[in-house]
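Secondary and tertiary structure notes
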There are 2 protein chains.
Amino acid sequence: MAAIDLFLESGYENTTVDDIAAAAGVGRRTFFRYFRSKEDAIFPSHDEVLRDIERLFDEADDSQHPVEVACAGVTLVLDSYLSDPDVSVKRYTLTRTVAPLRDKEVASVDRYQRVLARYLRGRFETDGEPLPDLRASVAAAAVAAANNHVLRRWLRNGGTEDAHALADKAFRLVVDAFSATSRGSTGATDDTVIAVLRSSAPLAEVVQRISSSLATGERDTP
Amino acid sequence: MAAIDLFLESGYENTTVDDIAAAAGVGRRTFFRYFRSKEDAIFPSHDEVLRDIERLFDEADDSQHPVEVACAGVTLVLDSYLSDPDVSVKRYTLTRTVAPLRDKEVASVDRYQRVLARYLRGRFETDGEPLPDLRASVAAAAVAAANNHVLRRWLRNGGTEDAHALADKAFRLVVDAFSATSRGSTGATDDTVIAVLRSSAPLAEVVQRISSSLATGERDTP
DNA sequence: GATGCTAACGGCACGCAGTGCCGTTAGCAA
DNA sequence: TTGCTAACGGCACTGCGTGCCGTTAGCATC
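Keep in mind it's a predicted model, so treat the numbers as computed, not measured.

Considering the overall build of chain A
In terms of helices and strands, chain A carries ten helices and one strand. Taken from the N to the C terminus, the helices and strands of chain A come in the order α-α-α-α-α-α-α-α-α-β-α. When the 222 residues of chain A are sorted by exposure, 45% land in the buried category. Considering only intrachain contacts with a sequence separation of at least 6, the fraction spanning at least 24 residues in chain A is 63%. Summed over all atoms, the accessible surface of chain A reaches about 11100 Å², with 47% contributed by carbon and sulfur.

Regarding the side chain of His149(B)
Mapped onto the elements of the fold, His149(B) is located in helix α8 (residues 132-156). Note on His149(B): relative accessible area 15%, which makes it buried. Discounting chain neighbours no more than four positions away, the residues touching His149(B) are Asp133(A), Leu134(A) and Ser137(A).

Observations regarding helix α8 (residues 132-156) of chain A
Residues and elements named next belong to chain A. Helix length check: α8, at 25 residues, gives a terminal C-alpha distance of 36 Å against a target of 36 Å (1.5 Å per residue), a fit within 8%. When you tally the buried positions in α8, you get 19 out of 25 residues, the bulk of the element. Immediately beyond the C-terminal end of α8, within one or two residues, lies Gly158, with a positive phi of roughly 75 degrees.

What to know about the environment of Glu105(B)
Residues and elements named next belong to chain B. In this fold, Glu105 is placed in helix α7 (residues 99-126). Along the chain, Glu105 and Glu39 lie 66 residues apart, while their C-alpha atoms are 9.9 Å from each other. Not counting residues within four places of it along the chain, the set of residues in contact with Glu105 comprises Phe43, Tyr81 and Thr95.

A few points about unusual backbone geometry
Residues and elements named next belong to chain A. Even without being glycine, Glu161 reaches a positive phi, approximately 75 degrees. Looking at the element boundaries, Glu161 is found in the loop between α8 and α9 (163-180). Under the relative-accessibility criterion, Glu161 is labelled partly exposed at 32%.

Side note on the protein's contact with DNA strand C
Near DNA strand C there are 15 residues, and of these Arg28(A), Arg29(A), Lys38(A), Thr30(B) and Arg33(B) occur at the shortest range. Here Arg33(B) contributes a side-chain N or O atom positioned 2.7 Å from a base nitrogen of DNA strand C. Of all the secondary-structure elements, those providing two or more residues to the surface near DNA strand C are α3 (28-34) of chain A together with α3 (28-34) of chain B. In terms of residue count, α3(B) provides more of the surface near DNA strand C than any other element does, four residues in total. Split into classes, the residues belonging to the surface near DNA strand C amount to four nonpolar, five polar and six charged.

Examining the packing of helix α4 (residues 46-58) of chain B against helix α5 (residues 66-82) of chain B
Pairs of packed helices are described in terms of their axes, by the angle between the two and the distance that separates them. Residues and elements named next belong to chain B. Their axes nearest at 9 Å, the elements α4 and α5 cross at an angle of 155 degrees. As judged from the angle between their axes, α4 and α5 are roughly antiparallel. Here α4 runs over α5; the crossing is right-handed. Of the residues in α5, those in contact with His46, Val49, Asp52, Ile53, Leu56 and Phe57 of α4 are Val69, Ala70, Ala72, Gly73, Leu76, Val77, Ser80 and Tyr81. Among the residues making up the contact of α4 with α5, the classes are represented as ten nonpolar, three polar and one charged.

A closer look at the protein's contact with DNA strand D
Residues in close proximity to DNA strand D total 15 residues, the closest being Thr30(A), Arg33(A), Arg28(B), Arg29(B) and Lys38(B). Here, DNA strand D places atoms within 4 Å of the protein, and 45% of those atoms are sugar or phosphate. The separation between a base nitrogen of DNA strand D and a polar side-chain atom of Arg33(A) is 2.6 Å. At 2.3 Å, a side-chain N or O of Arg28(B) approaches a base nitrogen of DNA strand D. Mapped by element, the contributors of at least two residues to the surface near DNA strand D are α3 of chain A together with α3 of chain B. The element that contributes the greatest number of residues to the surface near DNA strand D is α3(A), accounting for four residues. Here the residues of the surface near DNA strand D sort into four nonpolar, five polar and six charged.

Thoughts on the packing of aromatic side chains
Here the structure, examined in full by the defined rule, presents nine aromatic pairs over all chains. Ring centres of Phe31(A) and Phe32(A) lie 5.2 Å apart, and the angle between their planes is 85 degrees; on these two criteria the pair is classed as edge-to-face. Residue class for Phe31(A) comes out buried when judged on its relative accessible area of 3%. Residue class for Phe32(A) comes out partly exposed when judged on its relative accessible area of 30%. Judged by centre distance (4.9 Å) and plane angle (70 degrees), the ring pair of Phe7(B) and Tyr12(B) falls under edge-to-face. For the pair formed by Phe7(B) and Tyr12(B), the shared burial category is buried. One aromatic cluster is present, formed by Phe31(A), Phe32(A) and Phe35(A) through successive ring pairs. Residue placement shows Lys38(A) over the ring face of Tyr12(A); its charged tip is 4.2 Å from the ring centre.

Quick notes on the pattern of salt bridges
Opposite charge on two side chains lets them pair, provided their charged atoms get close. Residue and element names in this part refer to chain A. The tally for this structure, following the rule as stated, stands at 24 salt bridges over all chains. Where Asp18 meets Arg28, a salt bridge forms, and the shortest distance between an N and an O atom there is 3.6 Å. With Asp18 in helix α2 (residues 17-24) and Arg28 in helix α3, this residue pair connects regions lying ten residues apart in the sequence. Here Asp40 makes a salt bridge to Lys104, at a shortest N to O gap of 3.6 Å. Here the residue Asp40 occupies a position in the loop between α3 and α4 (46-58), and Lys104 occupies one in helix α7 (residues 99-127), the gap between them amounting to 64 residues. The network of salt bridges with common partners includes Glu39, Asp40 and Lys104.

Considerations on the confidence of the model for chain A
When pLDDT is averaged along chain A, the result is 86; 80% of the residues meet or exceed 70. Note on residues 181-194 of chain A: pLDDT under 50 across the span, and 40 contacts to partners over four residues away in sequence or across chains.

Reading the values: the criteria
Residues numbered from 1 in each chain as written. Chains lettered and ligands numbered in written order. Predicted model: local features only at pLDDT ≥ 70, side-chain atom pairs only at ≥ 80, totals over all residues. Heavy atoms only, no water. Helix = DSSP H or I, 4+ residues; strand = E, 2+ residues; numbered from the N terminus. Buried < 20%, exposed > 50% of the residue type's maximum accessible area, 1.4 Å probe, protein only. Contact = heavy atoms within 4.5 Å. Areas by Shrake-Rupley, 256 points an atom, 1.4 Å probe, with all protein chains shown as cover. Expected span 1.5 Å × (residues − 1). Near = heavy atom within 4 Å. Polar contact = N/O pair within 3.5 Å; in protein donor to acceptor, adjacent residues only side chain to side chain. Nonpolar A, V, L, I, M, F, W, Y, C, P; charged D, E, K, R; others polar. Axes fitted to C-alpha atoms, helices over the stretch in contact; angles between N-to-C directions. Parallel < 35°, antiparallel > 145°, perpendicular 65-115°, else oblique. Left-handed = near helix turned anticlockwise from the far one by under 90°. Phe/Tyr/Trp six-rings, centres within 6.5 Å; stacked < 30°, edge-to-face > 60°. Lys NZ or Arg CZ within 6 Å of the ring centre and 35° of its normal. Salt bridge = Lys/Arg side-chain N within 4 Å of Asp/Glu carboxyl O. pLDDT = per-residue confidence, 0-100.

Structure, rendered in structure tokens:
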């Protein structure tokens, strides 16, 4: 849309809806038929992506770790930005500068985050995790933040870089954080093993577990 | 302010600024001198709380874990809500219902989150953590989410319950999640020890470290 | 007590976002 | 050609937010 370019060259405040409509060659009334508001003119259709995420969650493999599924879901958001780098970068320079646009962006991120939290809550409940509601909210926020961090970095570099590679690293960090506290043991990096053990367990068994884990790299959850 | 009650009884959309001003016994122009917008009429002064948080971070003890300090910071937000339960509960029923008010609330949460992230980034950088920027964003989001979760639960129950007790539990979960992956060893619960070791280290040394940790409960970061 | 200063207030008018209403027109089918 | 439908665009209206300015209350000074 031409709106984004007008905002960039003339400023958001100085650009009226009449200007945008005129630049697009349509009437002012028609503009509001296509966009709910002046702000909406530069944002993508989040509703579609939200539906895609919901569908992905419905069809998700329950054997996969919940947080990993959530990461897969939020990756759809990332992809929607990656699919049109030019517009995404332009929009980013606006959302950094113009407060109402930034707020709008933040609000849409919150919508994604709610969908993630809802899915996670369901999974945590069936998994019998303690405090499923809290865990879901926190994990959803962490996943969304990781995604946003990658996205922003990618946008700052003008759409170069391999965003998915960055995202994998970022999601790894989040998944580890939230499976380390709830699960037994998980590899943090290739050369590292994390063991969580009860100190009341016999020392011999502890040592045995540790050494086998170090040797094979396998995960062992009692 | 009388605005919040007007919104509740007549609806946000149906209440004009003239109505609020008339109810408050002041001129319409005066209303806009005290509140930047119609929405702002029901929100507290976040700027003060933000300054308090910044000050707390400036004076913070660097020996404390960064995420714990961030939790202490966001607790000031919680306190600002706790200090006036009536208004907070009323506002909550509005922010749940009215989309623009909810967006405004979300935007203010984002402001807090940015302050947390900035502090955490500084700490993580000086601590030599890997990916300090990412960790800071994710941890800040998690801390904010934990706080919001507690806050919403407290608001749903009409301001009864011990919010600080809930918050302590929630923060514990977050702190554990983010210290387990980043630090050498940390007690997750009283009876648990987490050990992170390089598999390239001699097995004998590993065993020695583990057993001493299990015995004394001390933290040992090489 | 009169005079000048300052700060808050309130009225007025304006620009602009967003909406409802309605006449016009283009495209298509019978 | 006639009738139908859907998109368009003009018009007017409400309401938010702001700039401008006259008024007034409070206070210090001479």
